[in-house]
Amino acid sequence: MVLSTLILLPIATALLALVAPRSLVKPLALLGSLGSLVLCWPLYTGFNPAAVGLQFTESYAWLPSLGIHVTLGIDGIALALLLLNNLLTPLVVLASWREDRNTGAFMACLLGLAGLVNGVFAATDFILFYVFFEASLIPLYLLIGLWGGKSRVYAALKFFLYTFAGSVLMLVAGLYLGTQAGTFDFTQWGSMAHALPLAMQVVLFGAFLAAFAVKIPMWPLHTWLPDAHVQAPTAGSVILAGVLLKLGAYGLLRFNLPLFPDAVTLLAPYLMWAGAIAVVYAALVAWVQTDIKKLIAYSSVSHMGLVTMGLFSGTETGLHGALLIMINHGIVSAGLFLIIGVIYERLHTREMKNLGGLATLMPGYAFALVLLMLAAVALPGTNGFVGEFLGLAGSFPSAPWATALATTGVIFGAVYMLVFTRAVLFQAPSRFVADHKAACTDLSAREWLVFLPLLLLIPVLGLKPHLAMDLWRQPVATLIPEVRTLEPQPVSPTQP
Amino acid sequence: MTFLPMIPAPLDPALLLALGALATLLLGSFTRQAWVAFLFASQILLAALGLLLATPATGAISFEGGPVLLAFSPFANTVAVLLLVLALLATPLLWAGVGTERRRPELAVLLLLATTGAILLPAANHLLSFYVALELLSFPLYVLCAWLRDDAKSSEAGLKYFVLGSLASGLTLFGMSLLYAATGALDFQTLAAMAEPTPLYLVGAALVMAGVAFKLSLVPFHFYTPDVYEGAPTPVTALLAALPKLAVAALLIRLLVGPFHGPTALLVGQGLACLAVASMAVGAVMAIVQGNLKRLLAFSTIANVGFAMVPLVALAGLPADSNHLALIAAAASGALFYLFVYGLTSVGLFAALIGGNFTTVACLKGLAKRQPLLATAMGLLLFSLAGIPPLAGFMGKLLAFTPAVQAGWGLLALIGVVFSVVASAYSLWLVKVMVFDAPTQITTKATPQATPVAWPMQAMVAACALLVLLVGVFPAPLQTLLLAAGTAIY
């Protein structure tokens, strides 16, 4: 019952927020999002990391004649992402406390999104997964389009059509697999899918990849992301970077890797190269940005490239690295977008040439920014280091050259993050900042409350990464044999 | 329960509607009060619905031991229930949408007559009853299209629909005569038994299919659709999008598992597949460039009927043995589910158009700021049209495409989903105009000032949106009902 409550509570709160009187909307939204965070506690404490298979399972009839059921259940991977999502939601609600344009609808979108994303991580029925996966587009479409920046409409449409086009291909592939297997419970698709001929596996793998590669986003399908990020309001960016990008990688872990091992063996080298290119290319593009939000958006593409490499590395280390980067990126990029939101709320600019010298004006803010920056450049001791190290170390045996290329990208990562920090904090204050000195007040108590959980998690996960890794050790171990046992068999053209 | 002792029970609902139409006519000519006629007509529709739900009578109707003219199967009765629901929903639209000047009792009479034809069509078991029911459905609609006689566009729409509709009927009749020449039979069972892929039979089948495709607005028989949709009074457009599409599709299902089954199935299926792909493509692409809302929805109809044909293509090629009965039922129910949901969505959207006097896309600018509730309801309907879960439009696509994939038409389903992405663009565009754009105060001839939508029409839109949401989240009841109907098509 916990999982279904975790899905329904935020959605119910969202509906209430739509009709609630204006003054009650924000407390209601905070209460609802904190409620789902509290609900995660029994999940975390009741979860048995050593157990094989899904836990907290629930099942209800939905369209029984087609074999479609509302089945819920989580493993360690899903649990970690659920925790991340439900941690971020109250934080963005708190961060958007000053949002006064149509607050009811805004909070409804945020909470609705949170509930739907919980659904994505908890669903074990393909159709249910697709429903949540697609329905989550609606609130984000509205968030970008209604509360976004100047060219918000273009960005919202582009975001929607890109992701929608990707995911309908997945729908057809899922319909095929579901009708072949006689059930839409994708945890039972394994043996049937493994028996499919290689060509079919590649086609289905491609269809699922189309949906998830757009969402991750994988180079060269990433172009919607900078547009969406720059135009989205802070809360939208935080959720987009923190959680929604993880849906793509989560989908790869749920469908592509376990279901089509032969196709993975065949295509992994190319995908790892695509990941490596994403790391370097996005880092270089981020370097030359003058809009700091766009810079962080490209850094997301860069980090997700490393996730792609780890996922397709075929090693346990690589998978652990990929998952850790997902969680860390969820914390750090969320924090960085909040950092940008803080400046934007005060100065209404994101241009580097309009910033500078904020270290002296806002020391507390500078502390938060530097800590997040250090995590983003993967300084040892921060959570970013563990993830990037494991991701690169896991990728190296499978694709040494691609990994070498990606490692240079990590250096560029340090470059653009330092450029960003200098531009905001340390370069001489611009005339713009000098003119608006009064607006540059340090973080308020509410803002500290938003940043503290994220800032605390940086050293905690940096020094004790096993807190997270223990959760998913079991599912990762079961993913690997399916990948690795196929490595010795070379794929020859004569193979059916 | 028999309505009249000498009339077979299964005919009761249709008879009730036909007699009700006559009574409404009498009532109207004595009182000259439109509201009396509308109230009476809606009671008749309700009574027929109640009759069908309370005592659904099945059975075959033949004339003195001759061939079966009408076969009232559970399938026919279920489709009739859906049609009556749509007609009932459209009644208040008809009342509100023609203006006080032309609000006459005869409107209600024509609605009842069209509904009579519509509910007889899925029961047709004979080329003769097929033709009569089709014309009984069409003629009231021709008149309704031209109802605003002082409006040049309405008259043109009526004329255009009538002339082209007559041409289509002529083609259908000619096709029927060829089928008769090929087999010497007119009833569906004998036709099915004697079907051979001879040129005569195939040409006859093609001509009958052309007539059916005309009523369904399938490309390339769609040319009248945008003009008629634009010119006809808006509530009539809503009727056109809801009633004939579902009724004719139900008839098509019976044709596909009956006379056009067996040796001719492959060719019919391939032909239908071509029409479906062309409709999806033309409808989805052309809808994007329309500035007139009714023309946009016309192309949307064309695209959506194309989507609904996907399971029927699969149905055409399936052998009618016991192994495939479940799949046939799934395909038939998928198409019906899709078109019923589409009918609901259309009625909701046209109700908004009527209420707000919206003619062009620009009229919708900033609707979310002016009337948030209405914009929310319309947004739900539009997202449903785009096939976004968890709304009914998604369930419709799921239930329509799954049987196609099961039957081996995966490629067609793939084409279908690709065009559903294209088709989502115009829905999203309308949502964008409603929600993201700022309201404009400029009134030009091209964009007359939209009026605020009064609460009755708002309630209609909201009711349709709520139904669409409910059917999307809890599809099982409707789907089970249609699946049961799909197992007893004859």
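This is a predicted model, so every value here is computed, not measured.

Re the overall build of chain A
Logical step 1: Helix and strand counts for chain A come out as 21 helices and two strands.
Logical step 2: Compactness check: chain A gives a C-alpha radius of gyration of 22 Å against a globular reference of 23 Å for 496 residues, within 12% of the reference.
Logical step 3: Along the three orthogonal principal directions, the C-alpha set of chain A runs to about 70 × 55 × 40 Å.
Logical step 4: Here chain A holds 496 residues, and the buried ones make up 64% of them.
Logical step 5: Contacts in chain A between residues far apart in sequence, at least 24 positions, make up 81% of those at least 6 positions apart.
Logical step 6: Element-wise, carbon and sulfur atoms account for 70% of the exposed surface of chain A, whose accessible area totals about 16,700 Å².
Logical step 7: Charged side chains in chain A number 22 positive and 20 negative. The centres of these two groups are separated by 12 Å.

Concerning helix 8 (residues 199-216) of chain B
Residue and element names in this part refer to chain B.
Logical step 1: Its 18 residues place the ends of helix 8 25 Å apart at the C-alpha level, agreeing with the 26 Å of an ideal helix rising 1.5 Å per residue.
Logical step 2: Across the 18 residues that make up helix 8, a large majority, 13, are buried.
Logical step 3: Just beyond helix 8, the residue with positive phi is S217, at close to 55°.

Observations concerning the interface of chain A and chain B
Logical step 1: Of the residues lining the interface, 31 residues belong to chain A; the matching set on chain B comes to 35 residues.
Logical step 2: Summing the contributions of chain A and of chain B, the shared interface buries around 2,800 Å²; its carbon and sulfur component is 86%.
Logical step 3: Of all residues in chain A, the largest losses of buried area upon contact with chain B belong to W62, L63 and F164 of chain A, amounting jointly to 18% of the total for that side.
Logical step 4: Put simply, chain A and chain B have zero salt bridges between them.
Logical step 5: At the junction of chain A and chain B, the tally comes to three residue pairs in polar contact (both at pLDDT 80 or more).
Logical step 6: Of all the elements in the fold, those that place two or more residues in the side of chain A that touches chain B are strand 1 (55-63), helix 5 (126-135), helix 6 (137-147) and helix 7 (152-181) of chain A.
Logical step 7: Here the side of chain A that touches chain B takes 15 residues from helix 7 of chain A, the largest share from any one element.
Logical step 8: In the side of chain A that touches chain B, the residues fall into 26 nonpolar, three polar and two charged.

Quick look at the domain arrangement of chain B
Residue and element names in this part refer to chain B.
Logical step 1: When its domains are assigned, chain B resolves into domain 1 (8-255) and domain 2 (261-490).
Logical step 2: The straight-line distance from the C-alpha centre of domain 1 to that of domain 2 is 21 Å.
Logical step 3: Taken together, the contact between domain 1 and domain 2 spans 51 residues of the former and 45 residues of the latter.
Logical step 4: Buried area between domain 1 and domain 2, both sides added, is near 4,100 Å², and the carbon and sulfur share of it is 82%.
Logical step 5: Together, L218, V219 and I253 form the three largest contributors to the area buried by domain 1 at its contact with domain 2, with a combined 14%.
Logical step 6: Joining domain 1 to domain 2, the criterion identifies two salt bridges.
Logical step 7: For the salt bridge of D227 with R295, the shortest nitrogen-to-oxygen distance reads 3.0 Å.

So, the packing of helix 6 of chain A against helix 7 of chain A
Residue and element names in this part refer to chain A.
Logical step 1: Between helix 6 and helix 7, the least distance of the axes is 7 Å, while the angle of their chain directions is 160°. It follows that helix 6 is roughly antiparallel to helix 7 by the angle criterion. Between helix 6 and helix 7 the crossing geometry is right-handed. Mapping the contact onto sequence places L137, I138, L140, Y141, I144, G145 and L146 in helix 6 and R152, A155, A156, L157, F159, F160, T163 and F164 in helix 7.
Logical step 2: In the contact of helix 6 with helix 7, the residues fall into twelve nonpolar, two polar and one charged.

Re the pattern of salt bridges
Logical step 1: Evaluation of the coordinates by the stated rule reveals 14 salt bridges over all chains.
Logical step 2: The partner of R473 of chain A in a salt bridge is D470 of chain A, and the shortest N-O contact between them spans 3.0 Å. Of this pair, R473 of chain A and D470 of chain A both sit in helix 21 (residues 466-484), separated by three residues, roughly a single helical turn.
Logical step 3: What makes R473 of chain A partly exposed here is its relative accessible area of 37%.
Logical step 4: The residue E156 of chain B makes a salt bridge to K160 of chain B at a minimum N-O spacing of 3.8 Å. On the criterion of helical spacing, the pair formed by E156 of chain B and K160 of chain B is a turn pair, its members being four residues apart in helix 6 (residues 152-183).
Logical step 5: Taking relative accessible area as the criterion, E156 of chain B reaches 44% and is therefore assigned partly exposed.

Brief notes about the pairing of strand 2 (residues 68-74) of chain A
Residues and elements named next belong to chain A.
Logical step 1: In terms of burial, strand 2 is largely enclosed, as six of its seven residues are buried.
Logical step 2: As paired strands, strand 1 and strand 2 are joined by six bridges and run antiparallel to one another. Each residue of the ladder has a partner; that of E58, found in strand 2, is L72.

Considering the nonpolar core
Logical step 1: Membership of the largest hydrophobic core comes to 391 residues, with the highest contact counts inside it found for F312 and Y365 of chain A together with F130 of chain B.
Logical step 2: For this core, the leading source of residues is helix 13 (residues 325-356) of chain B, giving 20 residues.
Logical step 3: Shared between two domains, this core takes at least three residues from each, and those domains are domain 1 (8-255) and domain 2 (261-490) of chain B.
Logical step 4: The contact partners of F312 of chain A, leaving out residues within four places of it in the chain, are F205, M218, L252, L257, V264, A268, L271 and M272 of chain A.

Each value, and the rule that gives it
- Residues numbered from 1 in each chain as written.
- Chains lettered and ligands numbered in written order.
- Predicted model: local features only at pLDDT ≥ 70, side-chain atom pairs only at ≥ 80, totals over all residues.
- Heavy atoms only, no water.
- Helix = DSSP H or I, 4+ residues; strand = E, 2+ residues; numbered from the N terminus.
- Rg over C-alpha atoms; globule rule 2.2 N^0.38 Å.
- Buried < 20%, exposed > 50% of the residue type's maximum accessible area, 1.4 Å probe, protein only.
- Contact = heavy atoms within 4.5 Å.
- Areas by Shrake-Rupley, 256 points an atom, 1.4 Å probe, with all protein chains shown as cover.
- Lys, Arg positive; Asp, Glu negative; His and termini not counted.
- Charge placed at Lys NZ, Arg CZ, Asp CG, Glu CD.
- Expected span 1.5 Å × (residues − 1).
- Buried area = accessible area lost by both parts, 1.4 Å probe.
- Salt bridge = Lys/Arg side-chain N within 4 Å of Asp/Glu carboxyl O.
- Polar contact = N/O pair within 3.5 Å; in protein donor to acceptor, adjacent residues only side chain to side chain.
- Nonpolar A, V, L, I, M, F, W, Y, C, P; charged D, E, K, R; others polar.
- Domains from an automatic or database assignment.
- Axes fitted to C-alpha atoms, helices over the stretch in contact; angles between N-to-C directions.
- Parallel < 35°, antiparallel > 145°, perpendicular 65-115°, else oblique.
- Left-handed = near helix turned anticlockwise from the far one by under 90°.
- Pairing = 2+ DSSP bridges.
- Core = buried A, V, L, I, M, F, W, Y, C linked by side-chain atoms within 4.5 Å.

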